[in-house]
Amino acid sequence: MGRTPELRRVARTRMICGGRMVAEERSQACVVLDLSATGARIHLLHPEAAPSTAVLHLPGGVVRKAARRWQRDDIAGYEFCEPA
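Residues numbered from 1 in each chain as written. Predicted model: local features only at pLDDT ≥ 70, side-chain atom pairs only at ≥ 80, totals over all residues. Heavy atoms only, no water.

Peer 1: Whenever I open this one, the layout of surface pockets confuses me. Can you help?
Peer 2: Any space left empty among the atoms is revealed by the rolling of a water-sized probe across them. Each pocket or cavity is described by its volume, and for the second largest pocket that value is around 180 Å³. If you trace the second largest pocket, you find it lined by M21, V22, A23, E24, R26, S27, Q28, H46, A49, P51 and A54. Those elements giving two or more residues to the lining of the second largest pocket turn out to be β1 (13-23) and β2 (26-35). (1 Å grid on protein atoms, 1.4 Å probe; cavity = no way out; pocket = protein on both sides within 12 Å on 5 of 7 lines; lining within 4 Å. Points joined across faces, edges and corners; volume = space filled by probe spheres on them. Helix = DSSP H or I, 4+ residues; strand = E, 2+ residues; numbered from the N terminus.)

Listed below in structure tokens is the structure:
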């Protein structure tokens, strides 16, 4: 079987790095699984508390406001709300 072609508009960079999500004066640790210019795939340590919008503190000191677009169990996709 062949692999399904990548249909994303923007290439992703795979990584496993610590990050932080801040929403409504609450902060929680997370793991960034991959990152692109338009969003990030996040492993949620507390998936039941995943915010619909958050400020993501990403590797390298990058801070971006993002909105959750999908969630499957403890993995969620967040899209950045404004260009970098």
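Moving on from the model shown.
Peer 1: Help me understand unusual backbone geometry in this model?
Peer 2: Comment: phi is negative for the bulk of residues other than glycine, and the bulk of peptide bonds are trans. For E25, which is not glycine, the phi torsion reads 65° and is therefore positive. With respect to the helices, strands and loops of the structure, E25 is situated in the loop between β1 and β2. Even without being a glycine, D73 presents a positive backbone phi close to 55°. For D73, the location among the structural elements is in the loop between β5 (62-72) and β6 (75-80).

Peer 1: Looking at this structure, I do not really get the pairing of β1. What am I missing?
Peer 2: A regular strand places its side chains on the two faces of the sheet in alternate fashion. In the sheet, β1 pairs with β2 via nine bridges, with the strands oriented antiparallel. Bridging across to β2, R14 finds its partner in D34. In this antiparallel pair of consecutive strands, β1 and β2, the connection spans two residues, and E24 shows a positive phi of 50°. Examined bridge by bridge, β1 and strand β4 (residues 53-58) share three bridges and lie antiparallel to one another. Of the residues in β4, the one forming a bridge with V22 is V55. (Pairing = 2+ DSSP bridges.)

Peer 1: How should the packing of aromatic side chains be read in this particular structure?
Peer 2: The way to describe two aromatic rings as a pair is by their centre distance and the angle between their planes. A full pass over the atoms with the stated rule returns zero aromatic pairs. The side chain of R64 reaches across the aromatic face of F80, ending 4.2 Å from its centre. Its guanidinium or amino end placed over the ring of W70, R72 lies 4.6 Å from that ring's centre, counting from NZ or CZ. (Phe/Tyr/Trp six-rings, centres within 6.5 Å; stacked < 30°, edge-to-face > 60°. Lys NZ or Arg CZ within 6 Å of the ring centre and 35° of its normal.)

Peer 1: Sorry, what's going on with the side chain of D34 here?
Peer 2: With respect to the helices and strands, D34 occurs in strand β2. On the basis of relative accessibility, which here comes to 2%, the residue D34 falls in the buried class. A polar contact is formed between the side chain of D34 and the side chain of R12, at a distance of 3.3 Å. Within polar-contact distance, the side chain of D34 engages the side chain of R41 at 3.0 Å. For D34, the residues in contact, after removing those within four places along its chain, are R12, T13, R14, M15, A40 and R41. (Buried < 20%, exposed > 50% of the residue type's maximum accessible area, 1.4 Å probe, protein only. Polar contact = N/O pair within 3.5 Å; in protein donor to acceptor, adjacent residues only side chain to side chain. Contact = heavy atoms within 4.5 Å.)

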